[in-house]
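Structural description and commentary
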Amino acid sequence: MCSSDLLRMPENPEIWKAAAMADQFDKIQKLPDPLPGAPNFHRIPGYKVYMTGQPTLDGIKNVLNKVTGEGKIYPKDGPIIWLNLRQEPDVYVNGQPICARPPNKIGEYAELGNVTRDLIKADELEFFKTIEGRIAENGGKLKYVDINKKDFEVEVKEVKTLSQAMEGAKADFPGLVHWRVPVCNSAAPLETDFDIICNTLVGTNINTPVIVNDQVGLSRATTGACIACLFKEFQINASFDGLVHTVPGVNLDLLKMDKYVMDPAKDPLFRGEFPVVLDLIKQLKGGQEAKNECDKVIDKNGTPKTGGNGIKQLRENIAESKLSYEIMDDAAQAFLKVKIMDNIHKYFYLIAFTAYMRESADSARNAVAEDKKAEQTLASGKCTIPGSQLKLARTFAAFMEENKGLRDLIETGKGNLQWERDIPAAALANLEGLAAGDFKANLGKIIHDIYQTAHLMFADMPQGDHKKRAKYRFASKTLMRILPSSVKGEIEGLIEKKAISLDLYEILGKCTWNRSEEHTSELQSLAGS
């Protein structure tokens, strides 16, 4: 490549401005038994589905060798599907993955909008040109940052695009299919993304390895792995149903995924019983069975406590985030609320997709061509169809279009949660009565009763800083709620001007400004008790 080409500005100015960020970082590995170069690589229990963060060049080979057992458990030249769910373009510099990030999205999970496979492939080429230009301008060295925004500089010996890296892996693994399906981090993939994954897997066998990666092997990879496992369930249900019926003494109910029952002692939110999900299973045919099967797959893809060996539990993470919501300030709550609703949106769509896969399995079992029926029909009259010959009668997008009410249901219902705990009516009436009387004289009693109420309301939370913060935040909001109008307007004005914050001590300070410092200190001491 000539020097003029090296220094040419890319056609996409956003890529020209992008920061070069190292994909891997210190402490990226969260799981035991690391595979060199492939962060958080692991297999989903019960499925030939594997998950990893963005591997190094050597890591790509290590993953493929692990999946095939060096050719001993699966042929190296057999079909292998690799799904890359990242939105960011990637290049390899000296064998290490470097991605393009907006300069304001370093060190966070970047949502990059409506990124398609074609767009990311084009951006990858532009990023490659950008990187080569920067190297040429810097005397053969590349400057880049890590997720902590720490600057690095390296002498460059080799630069490859991700596409070139995967093509190179095909020398030893000619059946490898690498397919990009860029998806967002928190919300559900697009309906068409579900279909792209399905179309990539149609024609494969049940034992065909499927590898899914994002940057770390966390949220997006877990979502993609769940979709791949649900497709494997479709293959199992459609292919083996007839065969299983011929085995004497088999309790068929034990093999059904839709019989899965979670621990009833779990909190309803940890069981995924969000209001909009309960509405879904009522409206969708086979909704409860679909949720049961989906939960089983999510648990297998989750952490060890739910039967998996990964680091992300898509369902229970929502409940954990909801618990954290109560102790955060307003700005953090606003961010987390969006994340929680996005994750409910994802969970909702995974259940709907499970229902689609279950319906597709029923259709596939009955869609045997006349000229194939003889060879695929058993003595029982049931058909057994090889997984590689299974077809999908319609797309998931078409399924959702036929059930279009579900789209409105999730959009309007994903925020239908109790975001704040309700103060008991009697306790609120007591506080309002005290505030309506001699407010300043009753202030000590008001603070005492607010905290007494908080003690009862948050009794379910374990002792510790989280509980203290939740009670303090409740006290701040409740005091603000019951302030007399003569005081409330002034306090609201100060908060709006950012002279003070919605903080109990600051509000108390303004409410007692003309009283003795000793009295104010007593109230604050009472609030902190």
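For the structure given in this document, a descriptive report is provided here.

Conventions and cut-offs
Residues numbered from 1 in each chain as written. Predicted model: local features only at pLDDT ≥ 70, side-chain atom pairs only at ≥ 80, totals over all residues. Heavy atoms only, no water. Core = buried A, V, L, I, M, F, W, Y, C linked by side-chain atoms within 4.5 Å. Buried < 20%, exposed > 50% of the residue type's maximum accessible area, 1.4 Å probe, protein only. Helix = DSSP H or I, 4+ residues; strand = E, 2+ residues; numbered from the N terminus. Contact = heavy atoms within 4.5 Å. Arc of directions from axis to C-beta. Axes fitted to C-alpha atoms, helices over the stretch in contact; angles between N-to-C directions. Parallel < 35°, antiparallel > 145°, perpendicular 65-115°, else oblique. Left-handed = near helix turned anticlockwise from the far one by under 90°. Nonpolar A, V, L, I, M, F, W, Y, C, P; charged D, E, K, R; others polar.

**A closer look at the nonpolar core**
With 65 residues, the main nonpolar core has Phe234, Phe353 and Phe396 as its most contacted residues. Counting residues per element, this core draws most heavily on helix H12 (residues 330-365), which supplies 16 residues. Not counting residues within four places of it along the chain, the set of residues in contact with Phe396 comprises Glu191, Phe194, Asp195, Tyr349, Ala352, Phe353 and Tyr356. Ile450, Met461, Met480 and Ile491 belong to the second largest nonpolar core, which has 32 residues in total.

**A short note on helix H5 (residues 162-169)**
Within H5, burial applies to Leu162, Ala165, Met166 and Ala169. All buried residues of H5 fall inside an arc of 95° around its axis, so they share one side. Buried-residue contacts for H5 involve helix H3 (57-68), strand S4 (80-84), strand S5 (90-93), helix H4 (117-137), strand S9 (159-161) and strand S10 (176-180).

**So, the environment of Ala364**
Among the secondary structure elements, Ala364 is positioned in helix H12. According to the relative accessible area criterion, Ala364 is buried, its value standing at 7%. Taking the C-alpha atoms as reference points, Ala364 and Gln235, 129 residues apart in sequence, are found 9.3 Å from one another.

**Details of the packing of helix H6 (residues 191-201) against H12**
Following both chains from N to C, one finds H6 and H12 inclined at 45°, their axes separated by 12 Å at the closest point. Taken together, H6 and H12 sit at an angle that is classed as oblique. For the pair H6 and H12, the sense of crossing is right-handed. Contact residues: Glu191, Phe194, Asp195 and Cys198 in H6; Tyr349, Leu350, Phe353, Tyr356 and Met357 in H12. Its residues placed into classes, the contact of H6 with H12 shows seven nonpolar, no polar and two charged.

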